[in-house]
Amino acid sequence: MKGAEPEAPGPSPPQPAQGLTKGDKSEQPGLDPEPDTHWQRTEEEEALIEFHRSYHELFQFFCNNTTIHGAIRLVCSKHNRMKTAFWAVLWLCAFGMMYWQFGLLFGEYLSYPVSLSINLDSDKLVFPAITVCTLNPYRYKEIKEQLRELDRITEQTLFDLYKYNASSTLLAGARSRRDLGETLLYPLQRIPVPPRPECGGGGLKCNRDKSDCFYQTSSSGVDAVREWYRFHYINILAPLADASPSLEEEALGSFIFTCRFNQAPCTQANYSHFHHPIYGNCYTFNNKNDSSLWMSSMPGIHNGLSLTLRTEQNDDIPLLSTVTGARVTVHGQDEPPFMDDGGFNLRPGVETSISMRKEALHRLGGDYGDCTQDGSDVPVQNLYPSKYTQQVCIHSCFQESMVEQCGCAYIFYPRPKGVEFCDYRNHSAWGYCYYKLQGAFTSDSLGCFNKCRKPCSVTNYKLSAGYSRWPSVTSQDWIFQMLSLQNNYTINNKRNGVAKLNIFFKELNYKTNSESPSVTMVTLLSNLGSQWSLWFGSSVLSVVEMAELIFDLLVITFLLLLRRLRSRYWSPGRGPSRGICDLWSDSDTTAPEAVLSPMGE
Amino acid sequence: MPLLGNSPGRFQRSATSAMAPGEKIKAKIKKNLPVRGPQAPTIKDLMHWYCMNTNTHGCRRIVVSRGRLRRLLWILFTLTAVALIIWQCALLVLSFYTVSVSIKVHFQKLDFPAVTICNINPYKYSAVRDLLADLDQETRGALKTLYGFSEVKSRRRRGAESENPAWEGIQPKFLNVIPLLVFNETDKGRARDFFTGHKRKVSGNIIHKASKVMHIHESKKTVGFQLCPSNDTTSCATYTFSSGINAIQEWYKLHYMNIMAQVPLEKKINMSYSAEELLVTCFFDGMSCDPRNFTLFHHPMYGNCYTFNNRENETTLSTSMGGSEYGLQVILYIDEEEYNPFLVSSTGAKVLIHQQNEYPFIEDVGTEIETAMSTSIGMHLTESFKLSEPYSQCTEDGHDVPVENVYNAAYSLQICLYSCFQTKMVEKCGCAQYSQPLPPNANYCNYQQNPNWMYCYYKLYQAFVQEELECQAVCRETCRFKEWTLTTSLAQWPSEVSEKWLLRILTWDQGQQINKKLNKTDLAKLLIFYKDLNQRSIMESPANSIEVLLSNFGGQLGLWMSCSVVCVIEIIEVFFIDFFSIIARRQWQRAKEWWARKQGSPCPEGPPGWRGQDNPALHVDEDLPTFTSALQLPPAPGAQVPGTPPPRYNTLHLGRAFSSQLSDTQVPDES
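Note that the structure is a prediction, hence the values are computed from the model and not measured.

S.K.: What is the right way to look at the overall build of chain A in this model?
M.R.: In terms of regular secondary structure, chain A is built from 15 helices and 20 strands. Expressed as a percentage of the 601 residues in chain A, the buried residues total 51%. Contacts in chain A between residues at least 24 apart in sequence constitute 72% of all its contacts with a sequence separation of at least 6. Counting every atom, chain A has about 28,200 Å² of accessible surface; 56% of that belongs to carbon and sulfur.

S.K.: For this particular structure, what's the right way to read the overall build of chain B?
M.R.: Counting its secondary structure elements, chain B contains 21 helices and 21 strands. Here chain B holds 671 residues, and the buried ones make up 52% of them. Here the analysis covers contacts within chain B between residues at least 6 apart in sequence; of these, 75% occur between residues at least 24 apart. In the structure as shown, chain B presents an accessible area of about 32,000 Å², 57% of it carried by carbon and sulfur atoms.

S.K.: I keep staring at the side chain of B:Asp136 and nothing clicks. Help me out?
M.R.: With respect to the helices, strands and loops of the structure, B:Asp136 is situated in helix H6 (residues 125-147). Look past the residues within four positions of B:Asp136 in its chain and what remains in contact with it is B:Tyr125, B:Tyr252 and B:Phe342.

S.K.: How should I be thinking about the state of the cysteines in this particular structure?
M.R.: Any covalent bond linking the sulfur atoms of two cysteines counts as a disulfide. Considering all chains together, one arrives at 12 disulfides over all chains under this definition. The disulfide bridge from A:Cys406 ends at A:Cys433, spanning 1.7 Å between sulfur atoms. An S-S torsion of about -85 degrees defines the bridge between A:Cys406 and A:Cys433 as left-handed. Of the two residues, A:Cys406 is situated in helix H9 (residues 390-406) and A:Cys433 in helix H10 (residues 430-442); the sequence distance between them amounts to 27 residues. The exposure class assigned to A:Cys406 is buried, which follows from its relative accessible area of 14%. Across the disulfide from B:Cys420 sits B:Cys471; the S-S distance is 2.0 Å. Its S-S torsion of approximately -80 degrees makes the covalent link between B:Cys420 and B:Cys471 left-handed.

S.K.: I tried to follow the packing of aromatic side chains on my own but got confused; where do I start?
M.R.: Aromatic rings considered in pairs are described by the distance between their centres and by the relative angle of their planes. Residue and element names in this part refer to chain A. Taken as a whole and assessed by the stated rule, the structure comprises 46 aromatic pairs over all chains. Both rings, one in Phe127 and one in Trp294, keep their centres 6.3 Å apart while their planes meet at 65 degrees; by these two values the pair is edge-to-face. In this pair, Phe127 sits in the loop between strand E2 (125-126) and strand E3 (129-133) while Trp294 sits in the loop between strand E10 (280-285) and strand E11 (295-296), placing the two residues 167 residues apart along the sequence. Judged by relative accessible area, which is 0%, Phe127 ranks as buried. Taken together, the ring pairs in this structure connect Phe398, Tyr410, Phe412, Tyr413, Tyr434, Tyr435, Phe441 and Phe449 into an aromatic cluster. The aromatic ring of Tyr467 is capped on one face by Arg347, whose charged end is 5.5 Å from the ring centroid. Between Lys358 and the ring centre of Tyr510, over which it is positioned, the NZ or CZ distance is 4.6 Å.

S.K.: Just checking my understanding: could you explain the interface of chain B and chain A for this structure?
M.R.: It is common to give the size of an interface as the accessible area lost on bringing the parts into contact. Each side of the interface is counted separately: chain B has 112 residues, and chain A has 111 residues. The contact between chain B and chain A buries some 9,900 Å² in all, and 56% of this surface belongs to carbon and sulfur atoms. Where chain B packs against chain A, one counts eight salt bridges. Close ionic contact of A:Arg260 with B:Glu250 constitutes a salt bridge, the shortest N to O distance being 3.7 Å. Counting across the chain B and chain A interface gives 25 residue pairs in polar contact (both at pLDDT 80 or more). Among the elements that line the side of chain B that touches chain A, the one with the most residues is helix H5 (residues 68-94) of chain B, at 11 residues.

S.K.: Quick question: what am I supposed to make of the packing of helix H3 (residues 43-53) of chain B against helix H18 (residues 565-600) of chain B here?
M.R.: Helix-helix packing is characterised by the crossing angle of the two axes and by the distance between the axes. Residue and element names in this part refer to chain B. As a packed pair, H3 and H18 sit with axes 10 Å apart at the nearest point and diverge in direction by 160 degrees. Regarding the angle of H3 to H18, the classification is roughly antiparallel. Here H3 and H18 pass one another in a crossing that is right-handed. Where H3 abuts H18, its residues Ile43, Leu46, Met47, Trp49 and Tyr50 lie against Glu570, Ile571, Val574, Phe575, Asp578, Phe579, Ile582, Ile583 and Arg586. Tallied by class, the residues present in the contact of H3 with H18 amount to 11 nonpolar, no polar and three charged.

S.K.: Explain a nonpolar patch on the surface to me, please; I cannot follow it from the model alone.
M.R.: Together, A:Leu48, B:Leu69, B:Leu72, B:Leu73, B:Leu76 and B:Phe77 line one region of the surface with nonpolar side chains, adding up to about 510 Å² of accessible area. Looking at the element boundaries, A:Leu48 is found in the loop between helix H2 (35-45) and helix H3 (55-65).

S.K.: Would you take a moment to explain the side chain of B:Glu540 for this structure?
M.R.: Note that B:Glu540 resides in strand E21 (residues 534-542). No salt bridge is formed by the buried B:Glu540, whose closest oppositely charged neighbour, B:Lys386, lies at an N-O distance of 5.1 Å. A polar side-chain atom of B:Glu540 sits 3.1 Å from the main-chain amide nitrogen of B:Leu387. Apart from residues no more than four positions distant in its own chain, B:Glu540 is found in contact with A:Ile118, B:Val99, B:Ser100, B:Val101, B:Phe385, B:Lys386 and B:Leu387.

S.K.: Explain the pairing of strand E18 (residues 373-385) of chain B here, please?
M.R.: For a regular strand, side chains alternate in direction, first toward one face of the sheet and then toward the other. Residue and element names in this part refer to chain B. Judged by how many residues are buried, E18 sits mostly within the fold: 13 of 13 residues are covered. Where burial is concerned, the two faces of E18 agree: the one with Met373, Thr375, Ile377, Met379, Leu381, Glu383 and Phe385 and the one with Ser374, Ser376, Gly378, His380, Thr382 and Ser384 are both buried. One ladder, built from 13 bridges, connects E18 with strand E19 (residues 480-492); its direction is antiparallel. Residue pairing across strands places Thr382 opposite Glu483, the latter belonging to E19. Pairing geometry for E18 and strand E20 (residues 523-530), over six bridges, is parallel. Among the inter-strand pairings, Met379 is bridged to a residue of E20, identified as Tyr530. As paired strands, E18 and E21 are joined by four bridges and run parallel to one another.

S.K.: Explain unusual backbone geometry to me, please; I cannot follow it from the model alone.
M.R.: Cis geometry marks the peptide bond from A:Trp470 to A:Pro471; its omega dihedral reads -10 degrees. As for its placement among the helices and strands, A:Pro471 is situated in the loop between strand E18 (457-469) and helix H12 (476-487). A cis amide bond links B:Trp493 with the next residue in sequence, B:Pro494, at an omega value of -10 degrees. Assignment of secondary structure puts B:Pro494 in the loop between E19 and helix H16 (496-509). Unusually for a residue other than glycine, B:Asn441 sits at a positive phi of about 60 degrees. Considering the arrangement of structural elements, one finds B:Asn441 in the loop between helix H13 (413-429) and helix H14 (453-465). The exposure class of B:Asn441 is exposed, given its relative accessible area of 81%.

S.K.: Before we go on, may I ask you to explain the sheet that holds strand E13 (residues 303-308) of chain B in this structure?
M.R.: Strands belonging to one sheet form pairs held by backbone hydrogen bonds; the direction of such a pair is parallel or antiparallel. All names here are of chain B. Taken in spatial order, the five strands line up as E12-E13-E3-E16-E17 in an open sheet, and their pairing is antiparallel. Each having just a single partner strand, strand E12 (294-299) and strand E17 (367-369) make up the two edges of the open sheet. Averaged over all pairs of adjacent strands, the angle between strand axes in this sheet comes to 30 degrees, irrespective of strand direction. Of the pairings in the sheet, the one linking strand E16 (residues 349-354) to E17 comprises three bridges and is antiparallel in character. If you follow Lys350 over to E17, its bridge partner there is Glu368.

S.K.: Help me understand the sheet that holds strand E14 (residues 343-346) of chain A in this model?
M.R.: Residues and elements named next belong to chain A. In space, the five strands of this open sheet follow the order E9-E10-E3-E13-E14, with antiparallel pairing throughout. This sheet does not close on itself; its edge strands, each paired only once, are strand E9 (271-276) and E14. Neighbouring strand axes in the sheet, compared pairwise and without regard to direction, differ in orientation by 25 degrees on average. Summarising the sheet, E9 and E10 pair through six bridges and their orientation is antiparallel. When the bridges of E10 are listed, His273 appears paired with Tyr283.

S.K.: Just checking my understanding: could you explain the packing of helix H7 (residues 221-237) of chain A against H10(A) for this structure?
M.R.: Residue and element names in this part refer to chain A. Running from amino to carboxyl end, H7 crosses H10 at an angle of 120 degrees, the nearest separation of the two axes being 12 Å. On the basis of the axis angle, H7 is oblique to H10. H10 is crossed by H7, and the crossing has right-handed handedness. Judged by residue contacts, Glu227, Phe231, Ile234 and Asn235 of H7 engage Trp430, Gly431 and Tyr435 from H10.

Here is what the cut-offs are and how they apply
Sequence order as written defines the numbering, with residues in each chain counted from 1. Labels follow written order: the first chain is A, the first ligand is 1, and so on. Only residues with pLDDT of 70 or above have their local features reported here, since the model is predicted, and side-chain atom pairs are shown and tallied only from 80 upward, although totals for entire chains, interfaces and linings are computed over all residues. Hydrogens and water are ignored here; the side-chain numbers use all heavy atoms of the structure. Runs of H or I in DSSP of at least four residues are treated as helices and runs of E of at least two as strands, each being numbered from the N terminus. Remark: exposure states derive from per-residue accessible area (1.4 Å probe, protein chains only) relative to the maximum for the residue type, with buried under 20%, exposed over 50%, and partly exposed in between. We call two residues in contact when some of their heavy atoms are within 4.5 Å. Here the accessible surface of atoms and residues is derived via Shrake-Rupley with a 1.4 Å probe, and residues count as covered only by protein chains that are part of the display. Note on terminology: pairs of cysteine sulfur atoms within 2.5 Å are recorded as disulfides. For this analysis, a ring pair means two rings from Phe, Tyr or Trp (six-membered ring only for Trp) whose centres lie within 6.5 Å, classed as stacked if their planes differ by under 30 degrees, edge-to-face if by over 60, and tilted for the remaining angles. Charge-over-ring contacts are defined here by two conditions on Lys NZ or Arg CZ: a distance within 6 Å of the ring centre and an angle within 35 degrees of the ring normal. Summed over both partners, buried area is the accessible surface (1.4 Å probe) that two parts give up on being assembled. Every case where a carboxyl oxygen of Asp or Glu lies within 4 Å of a side-chain nitrogen of Lys or Arg is listed as a salt bridge. By the criterion applied in these results, polar contacts are pairs of N or O atoms within 3.5 Å in which, for protein atoms, one can donate a hydrogen and the other can accept it, and in which residues neighboring in sequence qualify only through two side-chain atoms. Each axis is a line fitted through C-alpha atoms, taken for helices only over the stretch in contact, and angles between the N-to-C directions span 0 to 180 degrees. Convention used here: angles under 35 degrees read as roughly parallel, angles over 145 as roughly antiparallel, angles from 65 to 115 as roughly perpendicular, and any remaining angle as oblique. Here a crossing is taken to be left-handed if its near helix is turned anticlockwise relative to the far helix by less than a right angle, and right-handed if that turn runs clockwise. In this classification, Asp, Glu, Lys and Arg are treated as charged, Ala, Val, Leu, Ile, Met, Phe, Trp, Tyr, Cys and Pro as nonpolar, and every other residue, Gly included, as polar. Patch criteria: residues need more than 30% relative accessible area and no salt bridge. Like-charged residues are merged within 9 Å; nonpolar side chains of Val, Leu, Ile, Met, Phe, Trp and Tyr are merged within 5 Å. Under the counting rule used here, the positive set is Lys and Arg, the negative set is Asp and Glu, and His together with the chain ends is not counted. By the convention used here, strands pair only if DSSP detects at least 2 bridges between them.

Structure follows, in structure tokens:
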């Protein structure tokens, strides 16, 4: 308040500041005799950026104004050596402590720890997709022609190896055992197993020039025959696979007798059909990703899917289907049904009640864990028309290697464009190649398990089943009668021809296991700030002060050097640069007005 | 210091009122406390003063730095730091209500859960046959007419059948109430009542559209029934079924519930199975147990159910060992001959594992057990504890859920949903649904009293499933629950070789209850046991506490600006209190001045220009009349602004600032 005269026209200048600046530039008090005009000028014409004139000035300014705690004592108290030393030690200690702590904090943060959180939500749930398969790919009658040869040979092999005389029901045609054997590659042989008295059956797969053979053995004859039959069956059906997918399309009514969801009958919009070469006709319910998805708003057996299925096995393929019943799997809407991997077999004559419980898992991707959001960053092309899952990836990966090494595609997995399914008419050595590849796959030398990363969010359904006999003795009369009238059910099959399936949510509570970063950026910063305040009491702005100081130091050094150089080399009387030299040489008072204006002048 | 900024004025005021001794104190205070802070004449001064004296980093640099760019940069830095602090603190506050989960595994002696066992068939058919005779007969008639199904092959019922002549002779009462209809694909909108043969027009909406694919090959007809409100036949709801089996069963169940609703509870209990009948043998933890260890629980749809290890039985049993030997082992007698042919179509029993105080929802979540099989159920216990409000929406015991619990059991989500539905049912239809407990002052629905309850019920259930009743929105999950993860495995039982002696002994054992030779398919074996005694508890605990939040705040404040709570208070003081006090003071002075001008010289002179020396710094604030001044003298319409040049502003307040007197005492002498 001291310097303000009543007459001052200036817009009430900040007086304390004036006092301070006056104190700072006290070296040149008489420079400007008229303080008022001087102040007005500084207000209006203050340079864009101003520098101190000397190191001393700079440090004095810094020491007066800095906010760094220990540093003031260290740098600014030079009167007492003892004290300075003491403060230097203290400062170093604090500094060391702080950086040690910082190191710990950063180390913790950079290890990207996650904490698990379990959410229990209850909500109405989207019913998952349910796929039901007949376990019988083709009607035996319809496919008999193609399989005639294979069946005949199988039968003969069975007789040769196991002295099993197949009944004539199996094959209608007359058998002449003499003249066959050469029609099929890869004969089934009995391979003596040295340590055991028993003999196992085995298949022989060779490459083209028969130089390297690969024996596939199994200890049980049943397994060997089945495996062998299956292999040839694939070969025969490979060309057939896409020829007649509509083989039994219209026959849904003859496989699924009744279908209800939430007490209401299913409609055509609720299911889709596909054909699986081993599991037969499969019907996927609730797969269509549209608004008509089934929702469960209540748990319990009455609020789920209820199916009555035909499990008659009159026309099953005798050597292929050794299981009777039906197969069901539960999967998400946008996941392909893997009947092999997650299936559940239904027994005939039994009501199977499968209760589900939903569980979701969310992993943190990125630095926190190795998972992929949508599979776009996985070096395996997704052959399935569905979203990425690990299983999809592994199958695609296998198929990729198969196409690469064997030149044809394995029939159970989708084929890439422009590649045909394996078939030994075209690819005579594919069996050998396939078994070789499978060996490599299981020992993970194909690298599929490394390439295929976990998806970040997974939903799975935990299933548990209860069984009861269906239909009951008292009700079976009218139920069978009804089924035979409605669905051409043959009553003589009794219970063996039907199965009932209920799938429902056991509870609508679902558990979500999710990961969250246990140290976030915010907490890291908070902890850093706490440590910093604790040991130093300085802040980010103090660091900016330091940066400014260093910047100032550099600029002043540069300017001083420049000035010195100039005063040394461009001594007065040096021609063209005279004016500038003048300007710089007597810069004490006037020169740096524009470039470096000393202390507000 | 900054905290005291406002105090000198106050001290002065009190001192003037205290007169003589006060004068001395006043002088002393004046001497000791420099008049600063709010006494700063302008806002700019105040800011300057604040920046020079505060401990907050950055501020001082704004003032002391040289150069406009430097100053600007420092302003930017400081504001950025403030913004960062606010942002980070907001993030901290937002994430305050997070939980951390701990999973503990205890190995300890575990309480055995309550096990409820029911026969799938509710009542012995021989006992209820009298009640259901008419219904059964009509059902058979319907079957015969619709599907040509004759009872000839039926071995057992022939006796009962022969007593009754052809059913056409009787006036059917059930088919009249709710007729079974045959819908023909060819003519839509018309249905044939199979009994009367009349074609009746099907109006209203067909609720269940049967699919085309599910159809019978030769006869393109579907069966269904129509539910109408009694007085109004135009708004009927028609239910069609793709399969006759479902249609018949559903239709039968409707009538069955009607009939059973009128039967008193005691009679129903007597009609159902007794504990001695159902439970042939019982073993628990290697010790024999008997039906007295089971408590009766009557379920409307499953008849008599028996709960083992219920709370009503003295103490809760526990197991000290895992494995099937140390669990519950029972052999159940499932009398297949006594099954109701139309009500239930599967044979077996239902088992539910639940907490002692939980209501067994056997209908919804029970696990079926097959006859002639040994079913082993291995359990694994998981206990979950959640934190309630404000961390999540769960409820501790349901007292804060606005749904009355009609069950005599602890709250659960399921109970809430059913209670909600039942309450709505009583509200809308006037009676209670049969398969759920009765709310107070309500009766179960039946035709006699509520002729159109079925229509009402179906409508309501439809609305419930589509969440139009808002039950799902109101009901909340519980915060703590136990769940038993079950692993079921099956084996053929009894084995071929043991069958003979086993069945004989059991027959002999049960001699007094069952007067017939036991068959393999009449029995079911059940083993329930803990797989291991590891109990997993999932517990939530708050991830943040107030201390952590505060220390995080402190960290943020310290990191960016080395600020503290005192700094924050300081900012509040300077920027809100002092700031406004300065503005208010200035306004007050202006108002006074204006008033004085008005009073002093009503000189009609010249245009109302703002003559004299004005202070450009003060131009920012418009000279608005205060409320009091406006009230005291509303400006006359033709009044002219005084022509006398007003006194200089600067002189006015600078003088005041120096004299540090109360401003209001000075204004009059100046004017």
